[in-house]
Amino acid sequence: MKEKDGNIGFGNDEALMWAVSQGRRDALNALMDRYMPMVSRTSYRILCDQAESDDVTQEVFVKVWSNAYGFDGRYSLSTWIYRITTNLCYDKLRRRRVLDFLSISPSLYEMSAPQALSPEEDYITKETWEIFCRASRGLSPKQRTVFTLRDLEELSTEEVEAITGLTPDQIKSNLHIARKKVRSELEKYGKVR
C-alpha cells in the first residue's frame, strides 16, 4: 500500500498506534487517512443512513483516540477498528428498534440517498441501494453486520469471527438468513433472478 504524505513515519500500524497513544495528533490524522474510508463505508452499509454513518465514523475515531493505550495488538488494527465500528452500529440499530417499538418518529427511518463512497462502488445504483436498504431493515443487527462484513466488505470468516465474536457456525447461519431475505426482497423488484 502506497502511503500518503500524512502517513510518512508511521510505516506500520503498531508504530502508528503507539504514536496515537502518546497523544500525537499527526498520528491520529494519519490513522484517519488510512481507516476512515473503511469505517465510513462499513457503517453506511450496515446502517443505510448517511447521517447515522457520519456520526458512527466520528465516534469510532473518538474511541480510538481515547482508547489507543488499550490497543494490545492481539488482532490487527483494522480488526479492532471494524469491531468498534460494528459495535457502534449495533447500538444505533438497537435504538432504532426501541423507537420503532414505541412508534416514535417514523421519519427517523427515511433512508438517505447513497453517496459515492469510492469509484469502485459506483456500480450501486440509487434504486438498487434503496431496495437493499428496505430489505436490510428486516435483518437483525447480527445478520446485517455479518452480511456487510462477508459479502460487501469481502472479509474472511476468520476476520468476521474476530470482529464480531461470533462462532463460524453463527456467522454461517446469520449470513444464510441475511442472504435469503435480501435476495427475496431484490427478487420482488426484479433485481435478481
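As a reminder, the structure under discussion sits directly above these lines.
Owing to the predicted nature of the structure, the values given are computational and were not obtained by experimental measurement.

Draft legend 1. Quick look at the overall build of the chain. Tallying secondary structure elements over the chain gives eight helices and zero strands in all. When the helices and strands of the chain are read in sequence order from the N terminus, they spell out α-α-α-α-α-α-α-α. Split into buried and exposed, the 193 residues of the chain put 41% on the buried side. Intrachain contacts of the chain at a sequence separation of at least 6 include 67% that bridge at least 24 residues. For the chain, the accessible surface area stands at approximately 10900 Å², while carbon and sulfur atoms represent 50% of it.

Draft legend 2. Structural detail: unusual backbone geometry. In the Ramachandran plot, Cys48 falls in the positive-phi region, its phi being about 55 degrees despite a non-glycine side chain. At Glu154, a position not held by glycine, the phi torsion is positive, near 60 degrees. The exposure class of Glu154 is exposed, given its relative accessible area of 67%.

Draft legend 3. Structural context of the side chain of Asn174. Structurally, Asn174 is set in helix H8 (residues 168-188). At 2.8 Å, the side chain of Asn174 forms a polar contact with the backbone oxygen of Gln170. Once residues within four sequence positions are removed from consideration, Asn174 is found in contact with Ser140, Lys142, Gln143, Val146 and Leu166.

Draft legend 4. Up close: helix H1 (residues 13-21). Along H1, the residues classified as buried are Asp13, Leu16, Met17, Ala19 and Val20. One side of H1 carries all its buried residues, which in axial view fall inside an arc of 160 degrees. In H1, the exposed positions that point more than 90 degrees away from the buried face belong to Glu14 and Trp18. One side-chain oxygen of the residue at the start of H1 lies 3.1 Å from the amide nitrogen of Glu14, identifying that residue as Asn12. Gly23 sits one or two positions beyond H1 and adopts a positive phi of about 85 degrees.

Draft legend 5. Examining the environment of Arg94 more closely. Residue position: Arg94 is located in helix H4 (residues 77-101). Through-space distance from the C-alpha of Arg94 to that of Ser140 is 9.2 Å; in sequence the pair is 46 residues apart.

Draft legend 6. Quick look at the packing of aromatic side chains. Tallying each qualifying case throughout the model produces one aromatic pair. Pairing Phe71 with Trp80 gives two aromatic rings, centres 5.2 Å apart and planes at 50 degrees, and the pair type is tilted. In this pair, the class of Phe71 matches that of Trp80, namely buried.

Draft legend 7. Local environment of the nonpolar core. Grouped together as the largest cluster of nonpolar side chains are 48 residues, with contacts concentrated most on Met17, Leu31, Val60, Val64, Leu77, Trp80 and Ile81. At ten residues, helix H2 (residues 25-47) tops the list of elements feeding residues into this core. With sequence-adjacent residues up to four places away left out, Leu77 is seen in contact with Asp13, Met17, Leu31, Tyr35 and Phe71.

Draft legend 8. Layout of the packing of H2 against helix H3 (residues 50-66). Across the interface, H2 lies against H3 with an axial gap of 9 Å and an inter-helix angle of 145 degrees. Every pair of crossing elements has a handedness; the one defined by H2 and H3 is right-handed. Taken together, the residues of H3 that come into contact with H2 (itself represented by Arg25, Leu28, Leu31, Met32, Tyr35, Met36, Val39, Ser40, Ser43, Tyr44 and Leu47) are Gln50, Glu52, Ser53, Val56, Thr57, Val60, Phe61, Val64 and Trp65. In terms of residue class, the contact of H2 with H3 is built from 13 nonpolar, five polar and two charged.

Parameters and conventions
Residues numbered from 1 in each chain as written. Predicted model: local features only at pLDDT ≥ 70, side-chain atom pairs only at ≥ 80, totals over all residues. Heavy atoms only, no water. Helix = DSSP H or I, 4+ residues; strand = E, 2+ residues; numbered from the N terminus. Buried < 20%, exposed > 50% of the residue type's maximum accessible area, 1.4 Å probe, protein only. Contact = heavy atoms within 4.5 Å. Areas by Shrake-Rupley, 256 points an atom, 1.4 Å probe, with all protein chains shown as cover. Polar contact = N/O pair within 3.5 Å; in protein donor to acceptor, adjacent residues only side chain to side chain. Arc of directions from axis to C-beta. Phe/Tyr/Trp six-rings, centres within 6.5 Å; stacked < 30°, edge-to-face > 60°. Core = buried A, V, L, I, M, F, W, Y, C linked by side-chain atoms within 4.5 Å. Axes fitted to C-alpha atoms, helices over the stretch in contact; angles between N-to-C directions. Left-handed = near helix turned anticlockwise from the far one by under 90°. Nonpolar A, V, L, I, M, F, W, Y, C, P; charged D, E, K, R; others polar.

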